[in-house]
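Topology and contacts: notes
Letter by letter, the chains look like this.
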2 protein chains.
Amino acid sequence: MSKANLFYAQSGGVTAVINASACGVVETARRYPDRIGTVFAGRNGIVGALREELIDTGKESAEAIAALRHTPAGAFGSCRYKLKSYRENTREYDRLVEVFRAHDIRYFLYNGGGDSQDTANKIAQLSVEQGFPITCIGVPKTVDNDLPITDNCPGFGSVAKYVAVSIREAGLDVASMCESSTKVFVMEVMGRHAGWIAGAAGLASESGSEPPHIILFPEVTFDREKFLNRVKECVGEYGYCAIVVSEGVKGPDGRFLSEAGGTDAFGHAQLGGVAPMIADMVKQELGYKYHWAVADYLQRAARHIASATDVEQAYAVGRAAVEFAMAGKNAVMPAIVRGDGEEYSWSIGEAALADVANVEKKMPPSYITSDGFHITEAARAYFAPLIHGEDYPTYRDGMPQYARLKRVLAEKKLPRFQ
Amino acid sequence: MSKANLFYAQSGGVTAVINASACGVVETARRYPDRIGTVFAGRNGIVGALREELIDTGKESAEAIAALRHTPAGAFGSCRYKLKSYRENTREYDRLVEVFRAHDIRYFLYNGGGDSQDTANKIAQLSVEQGFPITCIGVPKTVDNDLPITDNCPGFGSVAKYVAVSIREAGLDVASMCESSTKVFVMEVMGRHAGWIAGAAGLASESGSEPPHIILFPEVTFDREKFLNRVKECVGEYGYCAIVVSEGVKGPDGRFLSEAGGTDAFGHAQLGGVAPMIADMVKQELGYKYHWAVADYLQRAARHIASATDVEQAYAVGRAAVEFAMAGKNAVMPAIVRGDGEEYSWSIGEAALADVANVEKKMPPSYITSDGFHITEAARAYFAPLIHGEDYPTYRDGMPQYARLKRVLAEKKLPRFQ
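Residues numbered from 1 in each chain as written. Chains lettered and ligands numbered in written order. Predicted model: local features only at pLDDT ≥ 70, side-chain atom pairs only at ≥ 80, totals over all residues. Heavy atoms only, no water.

As for helix 8 (residues 224–238) of chain B
Residue and element names in this part refer to chain B. With 15 residues, helix 8 extends 21 Å from end C-alpha to end C-alpha; this agrees with the ideal 21 Å at 1.5 Å per step. Within the span of helix 8, buried status applies to Phe227, Leu228, Arg230, Val231, Cys234 and Val235. In an axial view of helix 8, the angular spread of the buried residues amounts to 160 degrees, which keeps them on one side of the axis. Residues of helix 8 that are exposed and point over 90 degrees away from its buried face: Glu225, Gly236 and Glu237. Packing partners of the buried residues in helix 8 comprise strand 6 (184–189), strand 7 (214–216), strand 8 (241–246) and helix 9 (274–286). (Helix = DSSP H or I, 4+ residues; strand = E, 2+ residues; numbered from the N terminus. Expected span 1.5 Å × (residues − 1). Buried < 20%, exposed > 50% of the residue type's maximum accessible area, 1.4 Å probe, protein only. Arc of directions from axis to C-beta. Contact = heavy atoms within 4.5 Å.)

Some remarks on the pairing of strand 8 of chain B
Residues and elements named next belong to chain B. Judged by how many residues are buried, strand 8 sits mostly within the fold: six of six residues are covered. The two faces of strand 8 match: Cys241, Ile243 and Val245 on one face and Ala242, Val244 and Ser246 on the other face are all buried. The pairing of strand 6 with strand 8 spans six bridges and is parallel. Directly across from Val184, in strand 8, lies its bridge partner Cys241. Relative to strand 8, strand 7 is paired through three bridges, and the arrangement is parallel. Its bridge partner being in strand 8, Ile214 is matched across the sheet by Ile243. Note on the crossover from strand 7 through helix 8 to strand 8: the handedness is right-handed. (Pairing = 2+ DSSP bridges. Right-handed = clockwise from strand over helix to strand, strands pointing away.)

Some words on helix 4 (residues 90–102) of chain B
Three- or four-residue spacings in an α-helix give side chains the same orientation, since the helix completes a turn every 3.6 residues. All names here are of chain B. Taking 1.5 Å per residue, 13 residues should reach 18 Å; helix 4 reaches 18 Å between its end C-alpha atoms and fits that length. Those residues of helix 4 not exposed but buried are Glu92, Tyr93, Arg95, Leu96, Val97, Val99 and Phe100. Each element contacted by the buried residues of helix 4 is listed here: strand 1 (4–10), helix 2 (46–50), strand 3 (54–56), strand 4 (105–112) and helix 5 (114–129). Remark: Asp104 follows helix 4 within two positions and exhibits a positive phi of approximately 50 degrees.

What about the relation of the copies chain B and chain A?
Both copies of the chain are related by a screw-like operation: a rotation about an axis and a shift along it. When chain B is fitted to chain A, the best match, at an RMSD of 0.1 Å, comes from turning it 180 degrees and sliding it 0.0 Å along the axis. Given the turn and translation reported, the copies of this chain are related as if by a two-fold rotation axis. Relative to the rotation axis, the C-alpha of Val294 of chain B is the closest in chain B, positioned 2.5 Å from it. Of the interface residues in chain B, 88% have counterparts in chain A that sit at the interface too, so the contact is made through matching surfaces. (Least-squares fit on C-alpha atoms with pLDDT ≥ 70 in both.)

Have a look at this one:
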């Protein structure tokens, strides 16, 4: 097989370990000098391909590439940009193939969630039709853990660890002070459509008395009265109540609670955030002093407390994607396969992009306790190994040292894309 | 000198390392078996003394006490409870001395901020008047870093490290996505009256292009127009803008930009929610897509990313407090003294409680850049050593293992305090 170039792009919301996948891609590609020429990375994801802004990773030192393994966020830039269907958007697909052709790119590795796998799949088909077949391999990534087939998504384990550690720590804080101060603490976490992240926070409580006492899932319609009763019960029993709320929790009308637009104690409109809304509700109805936190990007960028398992898996799917391409596979994605044994083990399997694209994996109902406020043993068995192990970045002067890339763009060969 | 018991209490908002001070107190006291009998800890702070709820730390194993060194929050419980002046509140002071007398407590170590040092100082005086002299030693603690004399307060270095690491990580996230998504990120941090914590976040930016780009201090009156111009400038120059805002930032009318409602036991307004307000302002005026985070308790409980320097100093002030008592000192507090050399060094000095009580140390104006939006080199030189070093807790199954104490109460000897 002749030598060709490889294009790698990061897509959608970034994670603490997506760069570990990038590291796996580039380091593995460098082991095939006879078959892979330049590894290009899209500047700001697929937008970089459309604009012919191709970062030449060959200009980065082995040390800089190795540092990606412990660097959070998207080192080459990512984007929220979903290509429309080919019929609606012929121009963009044609442009991609044109850019790939101009730079002799015959391998396209797309690191993202369901939308991205869909795009990669389409390009695989389309490039054949256009007489310039491109091997398209997906690299799974999403903190939301909502891709099908793969047992879990790289990126999820680290955010899971962050939220579990954070609520354990903040819970101890509230427990210390609850006699005379804050009695209710609300921590908002990500997960617009599925409660995977909120559920993982449940790992922090090893018994009913330990925080979090209540988890509010997008999968469970918010029941105000039942919730307030449970809060009161917890404060009565434990002296305080630590709550984890998913940003995606919905009311009986099917709308996000955060969109309901309530007002605070002073009649000011709430400026978004379901945590302050829940906290205020508790204050209004039960009178407890509260505090709330919204972790937002801190949770998905928290490389300092990444799960070692997650880092290894993120690297492994990057490496496997290149190996799949070298093995002549196409339109597939490495998937994480959980072993059957009692002790956790995992290996890399294979999923067809067509089966991954645009399918959202929900959390099984069996993961949520019958009262709707916590996780079951089945959920614990699933979540626990994913946060296993610590993988600390290196520090200098007290601060984590993250990769600083040169990001040199390859020379353009085509007219500007309008 | 005859043998007597010791009473230790945690006071006010807890920190990631106040238990390291407790560890220093108990471990050191155990080295004086001829002079110190039982080390009691107040259940929920000074309230435990009033209620005669005295935790007998002698029932805790050496391992459990050692684990306090890496356990966040207040293991014995803390409280927000300020004794009024003796004239207003004779009963409570009398009760304290009565409880101390009943349990032969002649050493009182109070681990807290300025209010607590004031209380300790009063008890030192009063107990003499009442014919039962009690040696009162303060143990400094506050994330706010606002105690005078001591170069810094144990608890501050760890929250400083947390906010600097968090904004570096979240900043990388925003930088990755800003081309097509979020352009402005706002992180709210603690610091009601002084910008120490917000300022420490500035350590994350080693050059002007690195986050945070803007810091909003309580010391600088918020100027809406100037702020919005600076945001626009950052987005123009760097593609995005990462902002750290102190909860205590005030408008031209002298009021906090945001008040969550209510006041605490000390009459301080309960704050929270300036981040969404600032973010919304940016959206309204400049139209940028935004995200915001409120770290709240996560920042002060984050033992998982504690500063090793902070942990050592917290332990050292606990140890020194016992040694001061053994040396016959009274109404003093160990203070951290910074060495003069070019390389950072510190030692334990001594401050009179009378000089510490109720004095709030502000951040020097020379620490804030002339535009009011960042920290100076002088500030960096002050902050940098305080976040130095990592001191990770031990993990089991991916979760940090924090001390679980028995908290056995000593038998009561007095009638209930009404």
